[in-house]
Structures are given as C-alpha cells and as structure tokens.
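# Survey of secondary and tertiary structure
One-letter residues, chain by chain:
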Amino acid sequence: MLFDKGELEKIREAKKQWEEGPVKKALDRFGVTENPARFYTPLDVENFDFLEKVGFPGTAPYVAGQFPVPAISLSYSRGGSSGLGSAVKRRAGRYTGFGSPEDTRDFYKEMLAKGYHAGGPNLAFDLPTQTGRDSDDEFAEGEVGKVGVTVDTLRDFEIIYEAFTGDMDLDKIASNWTINGSTNIILAMYIVLAEKRGIPLSTLRGTPQNDILKEFVARGTQIFPVKPSMRMTRDTITYCAEHLPNMNTISISGYHMREFGATRTQAVAFTFASAMAYLQLGVDAGLDIDKFYPRVTWLNFGGGMEVLKEVAVRRAARRVWAKIMRERFKAKDPRNWIYREVGGILCGFWTATKQRPLNNLTRAVIGATLAAMIGESPIVEPPYDEPLGLGHSLEAQQLGADAARIILEEAKLCEVQDVFAGSYCIESLTEQMEKEIWDILDGIDKMGGAVACVENGWMKEEIMRSSYTYQQLVESGKEVRVGVNKYTGAEEIEAITPRTLPYDPQRRMDVEERQIANLKKVKKERDNEKVQACLKRIKEAAQDESVNLIPLFVEAVKEYASEGEICGVLKEVFGEAI
C-alpha cells in the first residue's frame, strides 16, 4: 500500500472539504452540477502493490514494459535504424502490394533502389486471393489486384520475389503475408520457392496473419466453416514446429475487431479468447507451450482517441495475458508470459477522417506520444491520407516518419519507461480495464470458449452492438469528431498537401485482363494430369481430420495447382463458410 489507513482517512476528509468548498463554488459559478474533469488521488488505488501490479520493465507482470530496455531506444542510441545492420533485413517492411505480381515486383525493386523500403515484403493480397478464389473466378470480377496483389499460382510468387535475391534472398529477410483462410497454401508457395532456390527451410523467417477467428467476426474473408478453419491453423502450428523453426505461425490481432466497432476491452478480451483457442490447438497436438509459443506473434489491439484509457487497457492487457500464460497454460518460461505485439498505434486507424485529413496527423502523433510513454514504439500511424484511398502518399509517409523521429530524438520520450507507473489515474483505470477484460473472458468461458462464441454468432453480435451504440453518439453530436460533426462552418479552412503516390494507379486498370491471361497460360503449360492427381490426394486426405495437409499443398503448388483449385476441392469436403 502507498499510504496507511490513517493517511488515507486524512486524504478522504481533505477531498470531501475540497469538493464541498472550491469545487462546488466553481460549479455554482458556471451553472453546472457535475465536474467535467476528474481528479484522482491515492483513494483510487488504496490497495496498490507496485511489484504485484506493475513490476519492473521486462519482468512479470510486464505492465511497465515487455522488455528491460525498449528496442526502439537501443536502435536510436546506436545511431538510428542503420545501426541495426542485418536485423533490419530480418523483418518485413511496410505493408504493400497491388495489381499483378509484376506490378508489385517492380514496385519493390523501385522502392529498394530508392531506399524507401527496408526488409522483406509485407504483402497485402487482393480480395480474391484472400478468399481462395482465382482471378478468373466469376466472383473475382472487378476485384483482381485492387486492394492488394493477386496471387493465383506459384508462378505469381516467383515473380514477386524476383525483387528479393542476393543479399536480400529468402534466408536473409523476413516476409509477412496478410492472409488467413488460405494461409497454408501461401506458406506452401514460399516453401517451394525456397526449395527451388536451394535455401534450407530452417533459415526461413516470416509471419502469416493466420488469425482466422477474427475473420468470422470482423473482416469476412473466411473460406471454410470454423472447425475446419481451425484445423488449418493447427496444421500451421505443428508443421512449422517440425520443419520451419524460425517461421512465426500466426499474428493474432484485436485491431480488426476494434476497427469493426468493438470497445477497447472487448477487443482485448475477444483477442485473448481467440489466442487461447489457438494455443490449445498446439497443446492438444502434443506440443510444449514453452517451445511453440515463441513463434506466436501479435499485431495490436487497435485504439481510439481517448488515449489515457488506451494506455490503461494496454497495461491491463499485459497483466491479464501474463496470468493466462502462467496459470492456464502453465508456461514455465517468464518470457512466454508476454505477447509480442507491434504496438505503438494507440489512436487506431478508424479515427482517421476524410474531412480535413491533415488532422489525422495530429491524431496519430497524440497516439504515438502516449505509446512512447508506456514503452511502445512511437509509430505515427495511420498516415494522414489513410481515408483518401489505398496507397499512402510519400508526403504522408514522410510526415509520419519525421513525427516519430521528433518524439524519439527531440522530445526524448523513450528515455523513460512507463511514465505512468504509480499514477493514481492510470493505475485506477488499469484496474478498471483489467476487471472488464476478465468479466468478458469469464463469460466467454461459460459459453464454451472462443470457437463456440464465433460459431453461434455471439461475438460478432456484441461488436455490432457496440459499433451501433458508438455511431449513435457520433450522429447525436455527443461524441465529437472534429471537422465531421463539429467545427464544420464556412469559416473553417481545408488544409491540404500534395500527394505523390508511390505507384502508378493506372497499372491497376488492366490488371484483371493481364492476370487472367497469365493464369490461362500457366494452366495450359503445366502437367494437368499431375495437378489433378495432387488435388485428388488433397481431397482424400482432407476427410481425415488427423492429417496435416501442408505437405500435400506443397506437392500441388509445385505442379502449379492454383489456390482456387486447392480451395475448391477442400470446399467439397469442409463445406463453405457462410
């Protein structure tokens, strides 16, 4: 306890006198009945135990920081990102990908040559690829190459990765793939590509998103029903444990749920519930939690503009997850009590507005500033032009990068870890957030866990309800969005900057025609008898739940079977997600 009972009583009496005296006089003077601002005191954290509730950075419960010294602080103390040397290559670069494989390859080549891109590819796929459909599928019409790069067969992967050779070859970089339902097919392509280049699988590094449960509740790119989808995730975990020791198996994310409308505590609780379901897959397969969990990564929980609450919910999340790993999964290594997240984006992306878009830079800077104060990287995202269309301008990227540098090197906010440790306000809010998270998790457990709550629609309905409630507040004006529902008069100025896109939008105009022609050519030149034999084996093996399908995907991909063809035979066995 920070104060003994006698001191707390003195504070309680002094607070009462303050509220009945100066506060009441001020409220009466302005004609209001309730104080619009709250002042926190030791009374809000009466039972606060520093070692139990906060601890030191890099020690349980990791509330003050997941690492003893933040990596971002180390990098800048060594002269900036250039001081990290080969470590920069071993992480994926900025989220990118558009048009045809040739378009994305050329984009990477140009960006690498100009120094705009560091590390391996962080691929965004178009919607047909994300949903397991080929470019010539009737449901793909109008979507090929639009929100990401299109990938139908190994041929497309081979072309994209022509930009990564030599000292940027597969064994020297890391790749990220934002794909979920068809993760294992994309992973199979990477495996075959490495084999063709003579690169040992043990050297491959990368991260597929592979967080399928959040697709059912927040994004909608699921391909198969829930249970066979979870089987595919199990296959990733077990296959990588045996063959790809340096490959992350999943990137668990609450970001999409928050963007879809979940509250901050819902986003954390639903994400943790999903994470527990994924980890249980590995445990049930006989894997040691302390051995396979290090290959599990996290994106982030999204965010919002009430940044003090965002700070609190992240600190609470660290404490909750440490307890889950220690008590539920019996992880023995304390380093496995943390969740390795990108973090740093406390304001979220949904807060960005199309109206007066430069205000989005202010929003992102506020979020990044507070992130730096709790030991996270001050990532100034999203770029201010996020709502203006896909493809962040070079100007927006530069402003974001410079803002982060100012936070780091001018404001020096990363020189102190967890500025809020012991704050009456933040510690009180952290306790509140932790309780809310546990209440939601307990409810999910009583309903049978995350898989059951996804299958019966409960989790998605809860998010939709929260989203509707928030939108009502915005439309009523109770929740202010500057430049959207307030401060919109004719006297307001629309400030703009030039926008130089890093790619040619015209190249997306004919991508569908070009890609369909390429796919037709691949199908004509491959050995179709071998392809059909591979697809038949996949269909047969899919009927046995115990079989890991990835080796069969590798065989099929090697013969240039398409993603759509593989997903097609799986649908015949698994059915299709509704």
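Heads up: the structure comes first, above all this text.
Note that the structure is predicted; figures quoted are calculated from it, not measured. (Residues numbered from 1 in each chain as written. Predicted model: local features only at pLDDT ≥ 70, side-chain atom pairs only at ≥ 80, totals over all residues. Heavy atoms only, no water.)

Now for the overall build of the chain. Scanning the chain from N- to C-terminus turns up 23 helices and six strands. Here the C-alpha coordinates of the chain stretch approximately 90 × 60 × 50 Å along the principal axes. The 578 residues of the chain split such that 52% are buried. For the chain, restricting intrachain contacts to residue pairs at least 6 apart in sequence, the fraction spanning at least 24 positions comes to 78%. Carbon and sulfur atoms make up 53% of the accessible area of the chain, which amounts to about 25,800 Å² in all. Computed over 73 positive and 85 negative side-chain charges, the inter-centroid distance for the chain is 2 Å. (Helix = DSSP H or I, 4+ residues; strand = E, 2+ residues; numbered from the N terminus. Buried < 20%, exposed > 50% of the residue type's maximum accessible area, 1.4 Å probe, protein only. Contact = heavy atoms within 4.5 Å. Areas by Shrake-Rupley, 256 points an atom, 1.4 Å probe, with all protein chains shown as cover. Lys, Arg positive; Asp, Glu negative; His and termini not counted. Charge placed at Lys NZ, Arg CZ, Asp CG, Glu CD.)

Glancing now at the nonpolar core. Counting 69 residues, the largest nonpolar core has Leu213, Phe272 and Trp321 as the members making the most contacts within it. Considering each element in turn, this core owes the most residues, 12 residues, to helix H12 (residues 264-284). Judged by nonpolar contacts, the second largest core, of 61 residues, contains Val151, Ile173, Tyr560 and Val569. (Core = buried A, V, L, I, M, F, W, Y, C linked by side-chain atoms within 4.5 Å.)

Attention now goes to H12. Across its 21 residues, H12 extends 30 Å between first and last C-alpha, which sits within 8% of the 30 Å expected from 1.5 Å per residue. Most of H12 is tucked away, with 18 of its 21 residues classed as buried. Looking one or two places after H12, you find Gly286, whose phi comes out positive at around 95°. (Expected span 1.5 Å × (residues − 1).)

So, about the layout of surface pockets. Looking at the second largest pocket, its volume works out to about 640 Å³. Around the second largest pocket, the lining comprises 23 residues; the ones closest to its centre are Arg258, Glu306, Trp350, Tyr470 and Glu479. When residues of the lining of the second largest pocket are traced back to their parent elements, those giving at least two are helix H11 (255-260) and helix H19 (458-476). The leading source of residues in the lining of the second largest pocket is H19, at six residues. Within the lining of the second largest pocket, the residues separate by chemical class into eight nonpolar, eight polar and seven charged. (1 Å grid on protein atoms, 1.4 Å probe; cavity = no way out; pocket = protein on both sides within 12 Å on 5 of 7 lines; lining within 4 Å. Points joined across faces, edges and corners; volume = space filled by probe spheres on them. Nonpolar A, V, L, I, M, F, W, Y, C, P; charged D, E, K, R; others polar.)

Next up on the list: the pairing of strand E3 (residues 174-178). Consecutive side chains of a regular strand alternate in pointing toward one face of the sheet and then the other. Burial runs high along E3: four of the five residues are buried. Pairing of strand E2 (residues 120-124) with E3, which is carried by three bridges, proceeds in the parallel orientation. Within E3, the residue paired with Leu123 across the bridge is Trp177. As for the winding sense of the linkage, the β-α-β connection from E3 through helix H8 (residues 183-196) to strand E4 (residues 205-208) is right-handed. (Pairing = 2+ DSSP bridges. Right-handed = clockwise from strand over helix to strand, strands pointing away.)

Along the chain, Ala60 connects to Pro61 via a cis peptide bond; the corresponding omega equals 5°. Its location among the elements puts Pro61 in the loop between helix H2 (50-53) and helix H3 (71-77). The residue Tyr62 is not glycine, and still its phi comes out positive at about 65°. One non-glycine residue, Lys412, lies in positive phi territory at about 55°. Residue placement: Lys412 occurs in the loop between helix H16 (394-410) and helix H17 (424-446).

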